[in-house]
2 protein chains.
Amino acid sequence: MRVLVPYAPEEPKTRLSDALDAGERAAFSRAMLADVLGALREAGREPEVLATAPVEVDASVTVDERPLTPAVNAALGSGPVAVVMADLPLATPAALERLFGTPGDVVIAPGRGGGTNALVARDPAFRVDYHGASYLDHLRAARAAGASVGEVDSHRLATDIDEPGDLVELLLHGEGAAREWLRDAGFELDLEGGRVGVRRA
Amino acid sequence: MRVLVPYAPEEPKTRLSDALDAGERAAFSRAMLADVLGALREAGREPEVLATAPVEVDASVTVDERPLTPAVNAALGSGPVAVVMADLPLATPAALERLFGTPGDVVIAPGRGGGTNALVARDPAFRVDYHGASYLDHLRAARAAGASVGEVDSHRLATDIDEPGDLVELLLHGEGAAREWLRDAGFELDLEGGRVGVRRA
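Not measured: the values here are computed from a predicted model. (Residues numbered from 1 in each chain as written. Chains lettered and ligands numbered in written order. Predicted model: local features only at pLDDT ≥ 70, side-chain atom pairs only at ≥ 80, totals over all residues. Heavy atoms only, no water.)

Undergrad: Help me understand the pairing of strand β2 (residues 47-51) of chain B, please; the structure alone is not making it clear to me.
TA: Two faces belong to every sheet, and in a regular strand the side chains alternate between them. All names here are of chain B. Of all the five residues making up β2, five are buried; the element is thus mostly covered by neighbouring parts of the structure. Taking every second residue as pointing to the same face, both faces of β2 are buried, with P47, V49 and A51 on one and E48 and L50 on the other. Pairing analysis gives five bridges linking strand β1 (residues 2-7) to β2, with the strands arranged parallel. Each bridged residue has a counterpart across the sheet, and for P6 the counterpart in β2 is L50. (Buried < 20%, exposed > 50% of the residue type's maximum accessible area, 1.4 Å probe, protein only. Helix = DSSP H or I, 4+ residues; strand = E, 2+ residues; numbered from the N terminus. Pairing = 2+ DSSP bridges.)

The following block contains the structure:
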């Protein structure tokens, strides 16, 4: 099975602009990508990066300048394909093995807020649409194609790191390069007050 | 194994005050409690409500007026005990079976933001402390007691409904009374704009 990890090296993670400057966001997103690739390899897979521009990374890279949806759809249709987002630094080999081991013509690991953080498409007719609440759209698309759906109930796969509040989860549960990068950049848990937050020293 | 569901009927869910008035919050929290009790029963368990005041509910109720931590600790120490929070309306029998089936002297289902949404304590020496980042505190307490720790990686168990933003997850993934209550109260997904939100009609 092909295992694609889409990655857009230009101006990544703009919703983290309040917490990180442009150079930091680039470095942080690369650390997250490295964690995802490493977890996939530990899960026995050979990930390919599907990038919008050339990127130097320790994996095979396919460049497709199109937006996420058409670029992924171009890879669907001939054999099973998995698509795992690059901003899932909490993904562990165990969580990814659950993704690959869940039965279904289409298997979805929903992201918090209605996204599709990881999926396996075994039905050659299935196509993705990552705009908006893609989780709901993908359920509908699978149903329309007569494809069975499996879901993966994983906090680690549901937690894409998009906004400053998500950094709390990385500091709490991360084990790889992205968490280390974040700690080296001075971020730590803020345990004062009611709810756990994040602060920069 | 005793399965406790702590519940505080007085002024529940104050962090939802921007979205729901006091009477609505009471009704909504009761619907969430009913969902959790129902899912536990479907998972083959007989839940007991551990309440801070008398409450009419279709389950046995133990009243303990003390705060959460001492009330739960009073129940620990003589045989295995599970503690499942009452604000987990996404909990399915399958997710709860993973909780009960995970090996470990202490099994934790972390909540988003560092809480402990569900746990199983099989070590009679283990005690809880729900203040602050209880997930980290419970890991430390288990280690200090020489107890092995299992973790349950579940988006459904990680999603306690505390703040308006959490309602999105309930509308997306809920299947029970709490989702129905919320929809009857006029809440629906807001699919316009970048990220999925929630709005009230």
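So much for the structure itself; the text now carries on.
Undergrad: How should I be thinking about the interface of chain B and chain A in this particular structure?
TA: Accessible area lost on assembly of the parts is the figure often given for the size of an interface. Residue-level contacts link 28 residues of chain B with 28 residues of chain A. Carbon and sulfur atoms make up 49% of the surface buried where chain B meets chain A, a total of about 2,500 Å² over both sides. Linking chain B with chain A are four salt bridges, by the criterion used here. Its salt-bridge partner being R98(B), residue D153(A) comes within 3.6 Å of it at the nearest N-O pair. The tally of links between chain B and chain A comes to 13 residue pairs in polar contact (both at pLDDT 80 or more). Put simply, the parts of the chain that give the side of chain B that touches chain A at least two residues each are α3 (93-101), α4 (134-144), α5 (155-158) and α6 (167-173) of chain B. Counting residues per element, the side of chain B that touches chain A draws most heavily on α6(B), at four residues. For the side of chain B that touches chain A, the class distribution of residues is eleven nonpolar, seven polar and ten charged. (Contact = heavy atoms within 4.5 Å. Buried area = accessible area lost by both parts, 1.4 Å probe. Salt bridge = Lys/Arg side-chain N within 4 Å of Asp/Glu carboxyl O. Polar contact = N/O pair within 3.5 Å; in protein donor to acceptor, adjacent residues only side chain to side chain. Nonpolar A, V, L, I, M, F, W, Y, C, P; charged D, E, K, R; others polar.)

Undergrad: Sorry if this is basic, but what is going on with the relation of the copies chain B and chain A here?
TA: Mapping between the two copies of the chain is achieved by a rotation about an axis and a shift along the axis. Of the transformation placing chain B onto chain A, the axial shift is 0.0 Å and the rotation is 180°, giving an RMSD of 0.0 Å. Between the two chains, the operation in question is that of a two-fold axis. Comparing contact sets, 100% of the residues at the interface of chain B also lie at the interface in chain A, consistent with an isologous, same-surface contact. (Least-squares fit on C-alpha atoms with pLDDT ≥ 70 in both.)

Undergrad: Would you mind going over the side chain of T102(B) with me for this structure?
TA: By the element assignment, T102(B) lies in the loop between α3 and β5 (106-110). Among the polar contacts listed, one links the side chain of T102(B) to the backbone oxygen of R98(B), at a separation of 2.6 Å.

Undergrad: Before we go on, may I ask you to explain the packing of helix α1 (residues 22-42) of chain A against helix α3 (residues 93-101) of chain A in this structure?
TA: Residues and elements named next belong to chain A. Contact geometry for α1 and α3: axes closest at 8 Å, N-to-C directions at 65°. As far as their axial angle goes, α3 and α1 are roughly perpendicular. The handedness of the crossing between α1 and α3 comes out as right-handed. Note on element contacts: α3 touches α1 through P93, L96, E97 and F100, opposite A39, L40 and E42. Per-class residue counts for the contact of α1 with α3 are five nonpolar, no polar and two charged. (Axes fitted to C-alpha atoms, helices over the stretch in contact; angles between N-to-C directions. Parallel < 35°, antiparallel > 145°, perpendicular 65-115°, else oblique. Left-handed = near helix turned anticlockwise from the far one by under 90°.)

Undergrad: What should I look at first to understand the sheet that holds strand β7 (residues 149-151) of chain B in this one?
TA: Within a beta sheet, neighbouring strands are joined by backbone hydrogen bonds and run either parallel or antiparallel to one another. Residue and element names in this part refer to chain B. Taken in spatial order, the seven strands of this open sheet run β3-β2-β1-β4-β6-β5-β7, and their pairing is mixed. Since the sheet does not close on itself, it has two edges, and those belong to β3 (60-63) and β7, each with one partner. Averaged over all pairs of adjacent strands, the angle between strand axes in this sheet comes to 25°, irrespective of strand direction. Relative to the sheet, α3 contacts β1, β4 (81-84), β5 and β6 (116-121), its axis offset from that of β6 by approximately 40°. On top of the sheet, α4 reaches β5, β6 and β7; it is set at about 165° to β5, its chief contact.

In short, the description is geometric, and any link to function would need to be established separately.
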